[in-house]
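Read off the chains here:
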Amino acid sequence: MYKSDTICTIATGMGRSAIGMVRVSGPEAIDICDKIFRGKKRIKNMETFTAAFGRIVYEDEIFDEAVVLVMKAPHTYTTEDTVEINLHGGSYVIKRVMELLLNLGVRPAEPGEFTKRAFLGGRIDMTEAEAVMDVINAETDKALKASVGQLTGGLSKQVVELREKILYQTAYIESALDDPENYSLDGYSDKLKEVVITVKDKIEALLRTADEGRIIREGISTAIVGRPNVGKSSILNLLLGEERAIVTDIEGTTRDTLEEYVNIGGIILKLIDTAGIRNTDDVVEKIGVDRAKESIEEADLILMILDGSESLLPEDKEILESVRDKKIITLINKSDKESNLDKEELASIIDTEIIDISAKTGDGLEDLKDVLTDMFFRDELDFNDQIYITNSRHKAALISANESLGKVLESIDSAMGEDFYTIDLMAAYESLGDIIGETLEDDLADKIFSEFCMGK
Ligand code: GDP
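Throughout what follows, the structure given in this document is the object of discussion. Predicted model, so just to flag it, every value in this text is computed and none were measured. (Residues numbered from 1 in each chain as written. Predicted model: local features only at pLDDT ≥ 70, side-chain atom pairs only at ≥ 80, totals over all residues. Heavy atoms only, no water.)

**Looking at the overall build of the chain**
Part 1: In terms of helices and strands, the chain carries 18 helices and 14 strands.
Part 2: Across the 456 residues of the chain, 49% fall into the buried class.
Part 3: Excluding contacts between residues fewer than 6 apart, the proportion of contacts in the chain whose partners are at least 24 apart in sequence is 67%.
Part 4: Summed over its atoms, the accessible surface of the chain is roughly 22,900 Å², and 48% of this surface lies on carbon and sulfur atoms. (Helix = DSSP H or I, 4+ residues; strand = E, 2+ residues; numbered from the N terminus. Buried < 20%, exposed > 50% of the residue type's maximum accessible area, 1.4 Å probe, protein only. Contact = heavy atoms within 4.5 Å. Areas by Shrake-Rupley, 256 points an atom, 1.4 Å probe, with all protein chains shown as cover.)

What follows is the structure in structure tokens.
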């Protein structure tokens, strides 16, 4: 079985703050912390879930005052003995206490290692562990609610139920093949078909939430397009500035541009290729036609910008043609000026939501928010019972389980033998197991935990 050493980390941010916390977890957490803490009580003698005030002292040197919180296995975050040492928030003192612990044989934790221990200790499953990370990373209310839903085990519960159904059928087939006198397979394939269809429907329903889930988690990936001078960069600035704007600048992982995020009333737009818009009048020229097409391709949403003070030009129509298969919101900009654009002509070219907006005055931004809400969150999100697939790993596992179940249905329809069914049933069972970490390969678990932030 899994056996662990004692780890420590700085669990709070490293800026100047009132409190800084060093967290120690593992079999020797209590003994080692006892060596460096002097207070009215000895850490060794403290009850679980109690705190004590004192000093961090080692070889007569006083490091800082501290409040220690002692939590004993197994009812702790990691399931191991855990001591949290709350110090003053200066980074120097925190680092020195860390060094002291390292000298006493504690190992610095890897990112996510505390949560990994919770997983290995059997306290949480993989969906819950991943939800911890999502809670930390959540930038909007919606994202937070979706991940808290997962944290409380909503997805695992569904997955476990589906797996049980599958396992029961597999077990039944195996028993019937072993013991035909007591278990009959007459008419069984019809029954199995029914069960498989039910499970498949549930999986497909979960998969249908994946796009919305990704959007909740990562934002609506949005491309701003339009010919030169219609006001793309002005709109961009309006979106970025007006709405208390940039949530984060994250370096694009697969591309060399920055991706910018804006929060419009709780809906996150992930703006793609904004660097192109910033630096030149002509996005297509700047980033190259292929790249522009690529960003249009991967966008959930196109913000098509037109200049309302002019009539539709051939260039506008060309761009409209190139995005016609996407979800489009057309922003008719410069509404502060006299209007010269024929909306009926526009509507005859393409199916789009149309909003009058002025980058100059900010008029129309509220309308944009309303349209976005309608477009992407039409079925009023109900986080209490709806589970969202927000994680691409979960999505992949569901797709693969769904495919295996599809094969079971094919085998039933072509009247293959019962032992054929079990192979694909078990494959579906295992794919679903990946979601909750039941059948997860070690290296994959390591990869997932390495994406956690330090100290969690
Ligand atoms: P881009 O080439 O599409 O990025 O367009 P810009 O954002 O650079 O804007 C082109 C010109 O239109 C600039 O002179 C802007 O000041 C002007 N402009 C942009 N939006 C508005 C608007 O809403 N009203 C008015 N009156 N002018 C605007």
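**Some remarks on the sheet that holds strand 2 (residues 19–25)**
Part 1: Read across the open sheet, the 7 strands follow the order 3-4-5-6-2-1-7; overall the sheet is mixed. Across the chains shown, the open sheet's two edge strands, defined by having one partner strand only, are strand 3 (37–39) and strand 7 (107–108).
Part 2: Where strand 3 lies against strand 4 (residues 50–58), 3 bridges are found, and the strand directions are antiparallel. Paired with Gly39 across the strands is Gly54, a residue of strand 4.
Part 3: Against the sheet, helix 1 (residues 29–36) makes contact with strand 2, strand 3, strand 4, strand 5 (61–71) and strand 6 (82–88), and its axis sits at roughly 65° relative to strand 3, the strand it touches most. (Pairing = 2+ DSSP bridges. Axes fitted to C-alpha atoms, helices over the stretch in contact; angles between N-to-C directions.)

**Quick notes on the site of the ligand**
Part 1: Around the ligand sit 16 residues, and of these Asn229, Lys232, Ser233, Ser234 and Asp336 come closest.
Part 2: Within the backbone of Val230, a nitrogen or oxygen atom sits 3.4 Å from an oxygen atom of the ligand.
Part 3: Calculation on the ligand without its partners gives an accessible area of 580 Å², and the protein chains cover 74% of this total.
Part 4: No other element matches helix 9 (residues 232–242), which puts 3 residues into the shell around the ligand.
Part 5: Its residues assigned to classes, the shell around the ligand shows 3 nonpolar, 6 polar and 7 charged. (Near = heavy atom within 4 Å. Polar contact = N/O pair within 3.5 Å; in protein donor to acceptor, adjacent residues only side chain to side chain. Nonpolar A, V, L, I, M, F, W, Y, C, P; charged D, E, K, R; others polar.)

**Description of the packing of helix 6 (residues 154–178) against helix 7 (residues 188–208)**
A packed helix pair is summarised by two numbers, namely the angle formed by the two axes and the spacing between the axes.
Part 1: Across the interface, helix 6 lies against helix 7 with an axial gap of 11 Å and an inter-helix angle of 160°. Put simply, helix 6 runs roughly antiparallel to helix 7. Both helix 6 and helix 7 take part in a crossing whose hand is left-handed. Two secondary-structure elements touch here, helix 6 through Leu155, Gln158, Leu162, Lys165, Ile166, Gln169, Tyr172 and Ile173 and helix 7 through Tyr188, Leu192, Val195, Val199, Lys202, Ile203 and Leu206. (Parallel < 35°, antiparallel > 145°, perpendicular 65-115°, else oblique. Left-handed = near helix turned anticlockwise from the far one by under 90°.)

**Focus: the environment of Val57**
Part 1: Summarising the element assignment, Val57 is placed in strand 4.
Part 2: Classification of Val57 as buried rests on a relative accessible area of 17%.
Part 3: Residues Val57 and Gly39, spaced 18 residues apart in sequence, show a C-alpha to C-alpha distance of 9.9 Å.
Part 4: Leaving out residues up to four positions away in the same chain, Val57 has contacts with Lys35, Ile36, Arg38 and Ile62.

**Some remarks on the packing of aromatic side chains**
Part 1: In total, this model carries 1 aromatic pair according to the counting rule given.
Part 2: Seen from their ring centres, Tyr172 and Tyr188 are 5.3 Å apart, and the 20° between their planes marks the pair as stacked. Residue Tyr172 is found in helix 6, and its partner Tyr188 is found in helix 7; the two are separated by 16 residues along the sequence.
Part 3: For Tyr188, a relative accessible area of 3% gives the class buried.
Part 4: Residue placement shows Arg23 over the ring face of Phe114; its charged tip is 5.3 Å from the ring centre.
Part 5: Cation over ring: Arg163 sits above Tyr429, and NZ or CZ is 3.8 Å from the ring centre. (Phe/Tyr/Trp six-rings, centres within 6.5 Å; stacked < 30°, edge-to-face > 60°. Lys NZ or Arg CZ within 6 Å of the ring centre and 35° of its normal.)

**Looking at the pairing of strand 8 (residues 220–225)**
Part 1: Of all 6 residues in strand 8, 6 are buried; the element is thus mostly enclosed.
Part 2: Of the two faces of strand 8, the one holding Ile220, Thr222 and Ile224 and the one holding Ser221, Ala223 and Val225 are both buried throughout.
Part 3: Judged from the 4 bridges that link them, strand 8 and strand 11 (residues 267–272) form a sheet pairing that is parallel. Following the sheet pairing, Ile220 is matched in strand 11 by Leu269.
Part 4: Judged from the 4 bridges that link them, strand 8 and strand 12 (residues 301–307) form a sheet pairing that is parallel. Across the sheet, residue Thr222 finds its bridge partner in strand 12, namely Leu301.

**Re the pattern of salt bridges**
Part 1: Tallied over the full model, the rule gives 16 salt bridges.
Part 2: We note a salt bridge from Asp5 to Arg107, for which the minimum N-O separation is 2.7 Å. Here Asp5 is found in the segment before strand 1 (7–10), whereas its partner Arg107 is found in strand 7, with 102 residues between them in sequence.
Part 3: Asp5 sits in the partly exposed class, given a relative accessible area of 35%.
Part 4: Look at Arg107 and you get partly exposed, because its relative accessible area is 26%.
Part 5: For Asp316, the salt bridge identified is with Arg227, shortest N-O distance 2.8 Å. Here Arg227 lies in the loop between strand 8 and helix 9 and Asp316 lies in helix 13 (residues 314–322), a separation of 89 residues in the sequence.
Part 6: By relative accessible area, which is 1% here, Asp316 ends up buried.
Part 7: On the accessibility criterion, Arg227 (6% relative accessible area) is buried.
Part 8: It is possible to trace a salt-bridge network through shared partners that takes in Asp5, Glu80, Arg107, Glu113 and Arg117. (Salt bridge = Lys/Arg side-chain N within 4 Å of Asp/Glu carboxyl O.)

**Notes on the pairing of strand 2**
Part 1: Counting buried positions along strand 2 gives 6 out of 7 residues, so the element sits mostly inside the fold.
Part 2: As judged from the 4 bridges shared by strand 1 and strand 2, these two strands associate in the antiparallel manner. Bridged to Ile7 within strand 2 is Ser25.
Part 3: Pairing analysis gives 7 bridges linking strand 2 to strand 6, with the strands arranged antiparallel. Directly across from Val24, in strand 6, lies its bridge partner Val83.

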